[in-house]
Amino acid sequence: MNRNNSKVLILGGGMAGITAALALSRLNIAVTLIEKSASLGGMVRHFCCKATDVCQQCGVCLLNDSLQALGKADNIEVHLQTEVTDLTMDDKKFLYTFSRPGGGGEGRAEALLLATGFTPFRAEDKPQYRYGLFPNVITGLDLEKQLRETGAALRPSDHAPPASMAFIQCVGSRDLHLNHPYCSQVCCAYALRMANLIQHKRPQTEITFFYMDLQTFGKDFPLFLEQAEKRIRFIRTIPGEIQKGENDQVLVTFQDDSGTSSRKEAFDLAVLSIGIRPGTGLEFFMEKLGVPLNEDGFLDPGKENLSSKGIFLAGTVRGPKDIARSITEACRTAEEMAAYLKAGSL
Ligand SMILES: Cc1cc2nc3c(=O)[nH]c(=O)nc-3n(C[C@H](O)[C@H](O)[C@H](O)COP(=O)(O)OP(=O)(O)OC[C@H]3O[C@@H](n4cnc5c(N)ncnc54)[C@H](O)[C@@H]3O)c2cc1C
Ligand code: SF4
Ligand code: SF4
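Cut-offs applied
Residues numbered from 1 in each chain as written. Chains lettered and ligands numbered in written order. Predicted model: local features only at pLDDT ≥ 70, side-chain atom pairs only at ≥ 80, totals over all residues. Helix = DSSP H or I, 4+ residues; strand = E, 2+ residues; numbered from the N terminus. Rg over C-alpha atoms; globule rule 2.2 N^0.38 Å. Buried ≥ 20, exposed ≤ 12 C-beta atoms within 10 Å, placed from the backbone. Contact = placed C-beta atoms within 7 Å. Near = placed C-beta within 6 Å. Nonpolar A, V, L, I, M, F, W, Y, C, P; charged D, E, K, R; others polar. Pairing = 2+ DSSP bridges. Axes fitted to C-alpha atoms, helices over the stretch in contact; angles between N-to-C directions. Domains from an automatic or database assignment. Core = buried A, V, L, I, M, F, W, Y, C linked by C-beta atoms within 7 Å. Parallel < 35°, antiparallel > 145°, perpendicular 65-115°, else oblique. Left-handed = near helix turned anticlockwise from the far one by under 90°.

**Re the overall build of the chain**
For the chain, the helix and strand inventory stands at seven helices and 19 strands. Here the C-alpha atoms of the chain give a radius of gyration of 22 Å, agreeing with the 20 Å that 2.2 N^0.38 yields for 346 residues. Principal axes of the C-alpha set define a box for the chain whose edges measure 70 × 40 × 40 Å. Classification of the 346 residues of the chain by burial places 42% in the buried group. Contacts spanning at least 24 positions in sequence make up 66% of the contacts within the chain whose residues lie at least 6 apart.

Next comes the structure, spelled out in structure tokens:
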């Protein structure tokens, strides 16, 4: 049977888990990093670089830098396609069993970091936008993948570049009907940066942004927005519905500026800016370790003093945040973990 006895066990090999593993490794603390999928990087590995002729500070390329550093670290043991099947605490030691294709094993660690990330909102859960039914309604995640893989925004129905695009913000966030009242923090930034990139590549693309509120990002946001407002039409309303138009266009229904009557407008492509939902499998950590969930369903140390038990959290498993904030939080958490381990060894 396989045995792992690193000081630290990290669950989740996304930006937060990798960053914490590197920070701990630099402090000479041995880490076992368990990732359930076949590759490291989490959601970020699907995203595109949003640079125009200048970098747009989207943070996506930080993943490559971290993966390269991880490849050189000799005190990080990475297990892909691996899942922890049992987890118990015994006198401040974590005992766990894991399974993976071709076998499993068990391990022990003195501290545990949960960095299992988030799930993107399922656009099908807003049926009025007809995602999955109309080919030319896509999500922000689909657009990230498309730009990453092809370098262009294309209509799925005919693979032609769209002449007109609608971005619909807050899909699955700030939504009381869905019981998701919180802001996902990242979708204004990724949508605006992608809109900016598409217009940089094809300046004739007409882009309309339907929004409720704009979440600011970065110190240069006011300047970014001032430039964007020259090329993008901003309409402060969230559309009620998408219907089928002619020639595979989509018909977006929304309230006009007066808010008294509704209008319909046809677009070649609609992009639903989906947000961040709690990750899956969090009940396991609740059940095994007593880690509470907050009212939005994310793991939350709350009033529990989890770190005194050697349990730490980092990244979107705690709530919506972008890459930069996930990295900052993971570095801070790694320092807290090092202090916890040092205190335990005295
Ligand atoms: C459409 C979209 C576009 C975005 N674009 C940007 C952008 O341009 N810039 C930006 O800064 N942010 C962007 N974000 C936010 C960004 O995705 C997050 O900040 C980032 O992914 C957080 O990293 P994480 O490690 O917390 O989580 P994740 O990326 O979710 O990684 C978690 C990892 O844990 C693994 N895992 C889950 N459960 C287990 C388990 N039980 N055991 C082991 N492993 C497990 C998962 O497989 C995954 O690899 C975007 C978000 C969305 C939805
Ligand atoms: S931060 Fe984003 S925009 Fe800048 S180079 Fe990296 S991936 Fe490209
Ligand atoms: S970041 Fe923007 S689009 Fe996303 S939920 Fe917040 S306000 Fe809405």
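**Topic: the site of ligand 2**
Every residue lining ligand 2 is accounted for by Cys-49, Lys-50, Ala-51, Cys-55, Gln-56, Gln-57, Cys-58, Gly-59, Val-60 and Cys-61. Of the residues in the shell around ligand 2, the class split is six nonpolar, three polar and one charged.

**A few points about the sheet that holds strand S15 (residues 250-255)**
Strand order in the open sheet formed by three strands is S14-S15-S16, and the pairing between neighbours is antiparallel. Two strands in the sheet have a free side with no partner beyond their single neighbour: strand S14 (241-244) and strand S16 (262-267). Each adjacent strand pair in this sheet contributes to an overall mean axis angle of 30 degrees, direction not counted. Judged from the six bridges that link them, S15 and S16 form a sheet pairing that is antiparallel. Residue pairing in the sheet places Thr-253 in a bridge with Lys-264 of S16.

**Thoughts on the environment of Val-317**
Topologically, Val-317 is positioned in the loop between strand S19 (311-313) and helix H7 (323-345). Val-317 sits in the buried class, given 26 other C-beta atoms within 10 Å. Linking Val-317 and Pro-278, residues 39 residues apart in sequence, is a C-alpha distance of 6.7 Å. When near neighbours in sequence (up to four residues on either side) are disregarded, Val-317 contacts Gly-12, Leu-114, Ala-115, Thr-116, Gly-117, Gly-279, Phe-298 and Leu-299.

**Notes on the pairing of strand S17 (residues 269-274)**
Counting buried positions along S17 yields six of six residues, so the element is predominantly enclosed. Both faces of S17 are covered, namely the face carrying Leu-269, Val-271 and Ser-273 and the face carrying Ala-270, Leu-272 and Ile-274. Note that strand S10 (residues 137-139) and S17 share three bridges and pair parallel. Pairing of Val-137 across the sheet is with Ala-270, part of S17. Sheet analysis places strand S11 (residues 164-171) next to S17, joined by five bridges and oriented parallel.

**Regarding the site of ligand 1**
What surrounds ligand 1 is a group of 40 residues, the closest being Gly-12, Gly-14, Gly-42, Gly-117 and Gly-315. Every element with two or more residues in the shell around ligand 1 is listed here: helix H1 (15-26), strand S9 (118-120), helix H3 (140-150) and H7. A class-by-class count of the residues in the shell around ligand 1 yields 19 nonpolar, 15 polar and six charged. Viewed by domain, the shell around ligand 1 spans two of them, domain 1 (2-117 + 279-345) and domain 2 (121-276), each represented by three or more residues.

**Regarding the nonpolar core**
Side chains that are nonpolar tend, in soluble globular proteins, to be buried together. Of all hydrophobic cores here, the largest spans 92 residues; its most connected members are Ala-20 and Ala-270. It is helix H4 (residues 187-201) that contributes the most residues to this core, ten residues altogether. Each of domain 1 (2-117 + 279-345) and domain 2 (121-276) accounts for three or more of the residues forming this core. Not counting residues up to four positions away in its chain, the partners in contact with Ala-20 are Ile-10, Leu-113, Ala-115, Ala-314, Ala-330, Thr-333 and Ala-334.

**Concerning the sheet that holds strand S3 (residues 31-34)**
Spatially, S4-S3-S2-S8-S19 is the arrangement adopted by the five strands of the open sheet, whose pairing is parallel. A single partner strand is all that each edge strand has here, and the edge strands are strand S4 (76-79) and S19. Sheet twist, expressed as the mean angle between neighbouring strand axes with direction ignored, is 20 degrees. For strand S2 (residues 8-11) and strand S8 (residues 111-114), the ladder comprises four bridges, and the chain directions are parallel. The residue bridging Leu-9 from the neighbouring strand is Leu-112, located in S8.

**So, the packing of H3 against H4**
Here H3 crosses H4 at 40 degrees, and the two axes come no closer than 11 Å. Considered as vectors, H3 and H4 are oriented oblique to each other. Regarding H3 and H4, the two cross each other, and that crossing is left-handed. Contacts between H3 and H4 involve Gly-140, Leu-143 and Leu-147 from the former and Cys-187, Tyr-190, Ala-191, Met-194 and Leu-197 from the latter. Here the residues of the contact of H3 with H4 sort into seven nonpolar, one polar and no charged.

**With respect to the domain arrangement of the chain**
Structurally, the chain comprises domain 1 (2-117 + 279-345) and domain 2 (121-276). Placing a centre on the C-alpha atoms of domain 1 and another on those of domain 2 gives a separation of 32 Å. Domain 1 puts 13 residues into the contact, and the matching count from domain 2 is 18 residues. Taken together, the residues of the side of domain 1 that touches domain 2 sort by class into four nonpolar, five polar and four charged.

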